[in-house]
Amino acid sequence: MEKAHVRIVAGRLRGRKLTVVVHPGLRPTPQMVREALFSILGNAVPDRPFIDVFAGSGVVGLEALSRGASSATFVERDHRLGDAIGRSAAAFGVADASRVIHQDVYRWAERWSPPAEPVNVFLSPPFPDLENRAADFHALVAELQAKLPSESVLVLQVEDAWDASNLPDAARWERRQYGRNVLLFWEPA
């Protein structure tokens, strides 16, 4: 396993670096993809809660805080990764706006009560989940879609080879591709 440094791109934490141990189950969202994500979300980020699901390194949620999100919730099953997110949030001075939930994402979604105001939810599942737990993943997406308040945004990060045609409400997802990474955006009608 090797260590990598992942840099916060913009906002008040711009230039701060997280040290991440890279292994096959962890693939931090590349800088180019994060820049595109937050450029597309634009004014939907400031003063709005952000939820980083399958948080991994937590870099996406920390980037959201850097860009003015009112809070960031990190849902991560792996306690080592979750603890590292908590340490990064404390080191960057954003622990008061951060919450790490050490729980299986699928169980968390069943119990999640969304806020009344709009929220941004970002899912970057491990690739094996997309292949081996496709039905569970589709159910997770449907669960989140059913709960999101109006004006919220649901974003998925997947690989270009992944077939999005089976997603719930498939026709309404907006697709953007960056190399092998694909961002899919959905908003409640």
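Refer to the preceding data block for the structure.
Residues numbered from 1 in each chain as written. Predicted model: local features only at pLDDT ≥ 70, side-chain atom pairs only at ≥ 80, totals over all residues. Heavy atoms only, no water.

Novice: Requested: an account of the side chain of His138, with residues and values cited.
Specialist: Within the element layout of this structure, His138 appears in helix 6 (residues 134–147). Those residues in contact with His138, other than ones at most four positions away along the chain, are Trp162, Asn166, Leu167 and Pro168. (Helix = DSSP H or I, 4+ residues; strand = E, 2+ residues; numbered from the N terminus. Contact = heavy atoms within 4.5 Å.)

Novice: So, the packing of helix 1 (residues 31–41) against helix 2 (residues 59–66): which residues are in play, and what are the values?
Specialist: Taken N-terminus to C-terminus, the directions of helix 1 and helix 2 make an angle of 45°; their axes are 11 Å apart at the nearest point. Taken together, the axis directions place helix 1 and helix 2 in an arrangement best described as oblique. Our pair here, helix 1 against helix 2, has a crossing hand that is right-handed. For the pair helix 1 and helix 2, the contacting residues are Arg34, Leu37 and Phe38 in the first and Val59, Val60, Glu63 and Ala64 in the second. Looking at the contact of helix 1 with helix 2, its residues break down into five nonpolar, no polar and two charged. (Axes fitted to C-alpha atoms, helices over the stretch in contact; angles between N-to-C directions. Parallel < 35°, antiparallel > 145°, perpendicular 65-115°, else oblique. Left-handed = near helix turned anticlockwise from the far one by under 90°. Nonpolar A, V, L, I, M, F, W, Y, C, P; charged D, E, K, R; others polar.)

Novice: Provide a residue-level description of helix 1, including the pertinent values.
Specialist: Two residues of an α-helix separated by three or four positions point the same way, owing to the 3.6 residues in each turn. Those residues of helix 1 that fall on the buried side of the exposure criterion are Val33, Arg34, Ala36, Leu37, Phe38 and Leu41. Backbone geometry just downstream of helix 1 places Gly42 in the positive-phi region, at approximately 45°. (Buried < 20%, exposed > 50% of the residue type's maximum accessible area, 1.4 Å probe, protein only.)

Novice: Residues and numbers for the nonpolar core, please.
Specialist: By size, the foremost hydrophobic cluster in this structure holds 32 residues, and its most contacted members are Leu37, Phe38, Leu41, Phe50, Leu62, Val155 and Leu183. Those elements that place two or more of their residues in this core are strand 2 (17–22), helix 1, helix 2, strand 4 (71–75), helix 3 (79–91), strand 7 (153–159) and strand 9 (181–186). Beyond its immediate sequence surroundings of up to four residues, Phe38 is in contact with Val45, Phe50, Val60, Glu63, Ala64 and Arg67. Counting 29 residues, the second-largest nonpolar core is a separate cluster that includes Ile101, Leu140, Trp162 and Trp186. (Core = buried A, V, L, I, M, F, W, Y, C linked by side-chain atoms within 4.5 Å.)

Novice: Describe the pattern of salt bridges, naming the residues involved and giving the relevant values.
Specialist: Inspection of every chain in the model, using the stated rule, returns nine salt bridges. A salt bridge links Arg67 to Glu63, with the nearest nitrogen and oxygen atoms 3.0 Å apart. Through salt bridges that share partners, Arg34, Glu63 and Arg67 make up one connected network. (Salt bridge = Lys/Arg side-chain N within 4 Å of Asp/Glu carboxyl O.)

Novice: So what about the packing of aromatic side chains? Which residues, and what values?
Specialist: Within a pair of aromatic rings, the relevant descriptors are the distance that separates the centres and the angle that separates the planes. One pass over the structure, following the stated rule, counts five aromatic pairs. Relative to Trp162, the ring of Phe137 lies with its centre 5.9 Å away and its plane at 80°, an arrangement referred to as edge-to-face. Here Trp162 lies in the loop between strand 7 and strand 8 (174–178) and Phe137 lies in helix 6, a separation of 25 residues in the sequence. Exposure class is identical for Phe137 and Trp162. Each is buried. For the ring pair Trp173 and Trp186, a centre distance of 6.3 Å and an interplane angle of 35° mean the geometry is tilted. On the criterion of sequence distance, the pair formed by Trp173 in the loop between strand 7 and strand 8 and Trp186 in strand 9 is long-range, its members being 13 residues apart. The pair Trp173 / Trp186 is uniform in exposure class, with both members buried. (Phe/Tyr/Trp six-rings, centres within 6.5 Å; stacked < 30°, edge-to-face > 60°.)

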